[in-house]
Amino acid sequence: MTRTCVPVSGKDIASARRMANSAISSGADLVEIRADLIPGADADSIKKSFSDILGVSIITLRSRAEGGKSELAGADRERWNRSALSLGAAFIDLELETDVAVIRSLGDKKGCSIVSKHLVDGWNPGLLSKTLSECCRLGGVGKVAAKVADVSDGVRLLGSRGGSGSTRFSLMGMGPGAELTRALASSIGAELVFCALDEDSIVAPGQLTLDSQKRVQPRNSTVVGLIGHPLGHTLSPGMHNAAFKELGMPGIYLPFDVPKDSMVGEFMRGAGKLGVRGFNITIPYKETAFAAVDQLDDEARRAKAVNTVLVQNDGSLKGFNTDIFGFSEALRTADYDPRNKRALIIGAGGASRAAVIALWKMGAKIEISNRSPERAEELVRSMRVFLKTLPLEALDNEKPYSLIVNATPVGMRGFESSPIVPERLIAGADAVMDMVYNPIETPLLSAAKPHGVKTIHGLDMLLHQGAKAFEIWTGAKAPVEVMRKELMGAIV
Ligand code: NAP
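Residues numbered from 1 in each chain as written. Predicted model: local features only at pLDDT ≥ 70, side-chain atom pairs only at ≥ 80, totals over all residues. Heavy atoms only, no water.

S.K.: It is not clear to me how the overall build of the protein chain should be interpreted in this structure. Could you clarify?
M.R.: Of regular secondary structure, the protein chain possesses 19 helices and 20 strands. Along the longest, intermediate and shortest principal axes, the C-alpha atoms of the protein chain span 85 × 40 × 35 Å. Counting across all 492 residues of the protein chain, residues that qualify as buried make up 58%. Summing over all exposed atoms, the protein chain offers an accessible surface of approximately 20500 Å²; the carbon and sulfur share of this is 52%. Within the protein chain, one finds 59 positive and 56 negative side-chain charges whose respective centroids are separated by 3 Å. (Helix = DSSP H or I, 4+ residues; strand = E, 2+ residues; numbered from the N terminus. Buried < 20%, exposed > 50% of the residue type's maximum accessible area, 1.4 Å probe, protein only. Areas by Shrake-Rupley, 256 points an atom, 1.4 Å probe, with all protein chains shown as cover. Lys, Arg positive; Asp, Glu negative; His and termini not counted. Charge placed at Lys NZ, Arg CZ, Asp CG, Glu CD.)

Spelled out as C-alpha cells, the structure:
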C-alpha cells in the first residue's frame, strides 16, 4: 500500500517536531523532515529531537535549484548529507543531479535512500520516463515531481511513467489540477505520496490533505470527479465526499477543470486507464461527453447529453444522464404531477434536454422557449421530439402553463437576474421549478411565492442526480439524507 508522507517544518526544530507529532497521531505513515525549511536543522539537532521517530522519518535538504531553500553546496552539502545518512532514518532524500557523489557511494545504504528530481522547468514523456528510471536505478526509491499545467497534463504525466524499471517509485504533479496525480498514487502502485497535514499547511499546489490522501490509500479506492470549465466553486465534491465518508468507503470526488473541449475525450480515457472510476460532466461539456463515450444508456441517448460517465472494467466509457432522474425526483418530492399538463421549459442547453425527457416520460405537454430560437429548434430536431418552440418575446401572448421550468443560468448567484418569464405567466402557474440552486430561493421562485404557486428549487435536482451518479460508480446505495445535509450546509 502507498505510504503517506507529511512534510514537516517550522520556525525551529521543536516546532517541526510538534508538527511531526500531529502528523503521526493523525495517521501519517512517514514524516519528511524538511531541514531546508527549519532554521539551524542539522544531524545533531535532528538526532536530538527526532531520535524516537527516525524509523518513520525522511530527511530532506531540498536545494534552491530543486525548489527548496537550502543554499548549502559542494563539499558542505555533501558533508551535511553524509552525517544525515548516518542517523538511521527510514529514508534520506538525495537529489539526482545535486548529490551525485553521495548517491554513488551509498553501498548498503541504498535501500534507505530516495533519489529525487523535481522537473520544475517542464518535461516531456521521454524525459520523464528516463529521469524516473534513473532515480529508481540509483536509489532505494525513485521520486519525480513535475510541474503540470492542468488536470489533463497530470494524466499525461502519470501515463508517461512506463519503463521506470522499479516498483519502488513516487511520481506526482505540482500545479493546478495536480490533486488527481496524488489521488491516483496507490492506483499506479507508487511507494510514497506526499501530502499536507491540513488545509493550512498545503505548500505545493495539488497536494491533498492527509485526511483526503488516506481516503484513497487502498488500491481499489473510487476516484471520481467533475469535468467542466471554468469550474469555480462547486458543491458536488462536498456532497460526494460526505457520502464516501458516511459509508466508510475509500474514495474521493475531485474537481477536474479541463480547459478545452477537444481535451475532454482524451482526458476521460487517460484518467480511466489510470484508475479513475467515473466523471460528472457540467457546463459546457455535456454534449461533448455525449459524443466522446463508447456506450450510452437509453435516457442519455434520447437526451443527446451526458452528465455522468462510468469507466467500465474493460476501460470503455458509458454515458448516463442522471439529470433526468434528478429532475423527476425533484418534481416527485414536491408532489407535483405534470401528467397531461402544459409545461414550459426556458432554455435549450443540456439541462433543458434532461427536463424534456423527464417531462415527456411523466406525460406532460411540453413547449420550449429559448433566447436563441434556432438552438431550441436544433434540440427538437436532434432529439426527434415533436414540441412547440417559441422565442422568449412570444411568451407575452401565451396562455398560462401549469409548470414553468428555468433551465438557464439566469438568477444564479453572480449572474444576471432580470426576469425571463412574464409575471402574468408566473402568477398563473401551478408550479415553478428553477434548476438554478444557488441561491436556493432564486428571483424566479421569489416572484412565484406571493401568488401561492408551488416552488421547486434546483437543489433537490442536484441532490438526486448526484445520488444516482454515486450509485452508478459505486454500486452502493447513496446516503441521500447525508448528501442533502451537506448541500444545505454549503449553501446557507
Ligand atoms: P447550457 O447548455 O450552457 O445552456 C444554457 C441555456 O441558457 C441556453 O439555452 C442559453 O440560451 C440560456 N441562457 C444563457 N444565458 C441566458 C440569458 N442571459 N438569458 C436567457 N437565456 C440564457 O447550460 P445547461 O447545462 O443547460 O445548464 C443551465 C442551467 O441549469 C445552469 O445554471 C446549470 O447550473 C443548471 N443546472 C442545474 C442542475 C441541477 O441539478 N439543479 C442540473 C443541470 C443544470 P442560448 O442558447 O441563447 O445561449
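S.K.: I keep staring at the domain arrangement of the protein chain and nothing clicks. Help me out?
M.R.: Where interface size is quoted, it is often the accessible area lost as the parts come together. Split into domains, the protein chain comes out as domain 1 (3-219), domain 2 (224-323 + 463-491) and domain 3 (332-461). The C-alpha centroid of domain 2 is placed 32 Å from the C-alpha centroid of domain 1. Counting residues at the interface gives 19 residues for domain 1 and 17 residues for domain 2. Summed over both partners, the interface of domain 1 with domain 2 buries about 1400 Å², with 72% contributed by carbon and sulfur atoms. (Domains from an automatic or database assignment. Contact = heavy atoms within 4.5 Å. Buried area = accessible area lost by both parts, 1.4 Å probe.)

S.K.: Where do I start with the environment of Ala358 in this structure?
M.R.: Structurally, Ala358 can be placed in helix α14 (residues 350-361). When its relative accessible area of 1% is taken as the criterion, Ala358 is described as buried. When the C-alpha positions of Ala358 and Arg182 are compared, they lie 38 Å apart, and in sequence the two are 176 residues distant. The contact partners of Ala358, leaving out residues within four places of it in the chain, are Ile324, Phe327 and Ser328.

S.K.: Would you explain the sheet that holds strand β13 (residues 308-311) in this entry?
M.R.: Each strand in a sheet pairs with another by means of backbone hydrogen bonds, the pair being arranged parallel or else antiparallel. Taken in spatial order, the six strands of this open sheet run β10-β9-β11-β13-β14-β12, and their pairing is mixed. With one partner strand each, in any of the chains shown, β10 (251-257) and β12 (295-296) form the two edges of the open sheet. One ladder, built from four bridges, connects β13 with strand β14 (residues 317-320); its direction is antiparallel. Counted as the bridge partner of Val309 is Gly319 from β14. Sheet contacts for helix α10 (residues 264-274): β9 (222-228), β10, β11 (276-281), β13 and β14; angle to β11, the most-contacted strand, approximately 150°. (Pairing = 2+ DSSP bridges. Axes fitted to C-alpha atoms, helices over the stretch in contact; angles between N-to-C directions.)

S.K.: Got a minute to help me understand helix α6 (residues 151-159) in this structure?
M.R.: Note: α-helices contain 3.6 residues per turn, so residues at a spacing of three or four share the same orientation. α6 sits mainly inside the fold: seven of its nine residues count as buried. Regarding α6, the residues found buried are Val151, Ser152, Asp153, Gly154, Val155, Leu157 and Leu158. Turning to α6, the residues buried within the fold contact α5 (125-138), β6 (141-147), β7 (169-174), α7 (179-183), β10 and α10. Looking at where α6 begins, the residue whose side-chain oxygen comes 3.0 Å from the main-chain nitrogen of Ser152 is Asp150. (Polar contact = N/O pair within 3.5 Å; in protein donor to acceptor, adjacent residues only side chain to side chain.)

S.K.: Would you mind going over the nonpolar core with me for this structure?
M.R.: Looking at soluble globular proteins, one finds that nonpolar side chains tend to be buried together. Grouped together as the largest cluster of nonpolar side chains are 96 residues, with contacts concentrated most on Ile46, Leu180, Ile227, Phe267, Met268 and Phe279. Mapped onto the domain boundaries, this core takes at least three residues apiece from domain 1 (3-219) and domain 2 (224-323 + 463-491). In this structure, Ala334, Ala348, Ala354 and Val405 belong to the second largest nonpolar core, which totals 34 residues. (Core = buried A, V, L, I, M, F, W, Y, C linked by side-chain atoms within 4.5 Å.)

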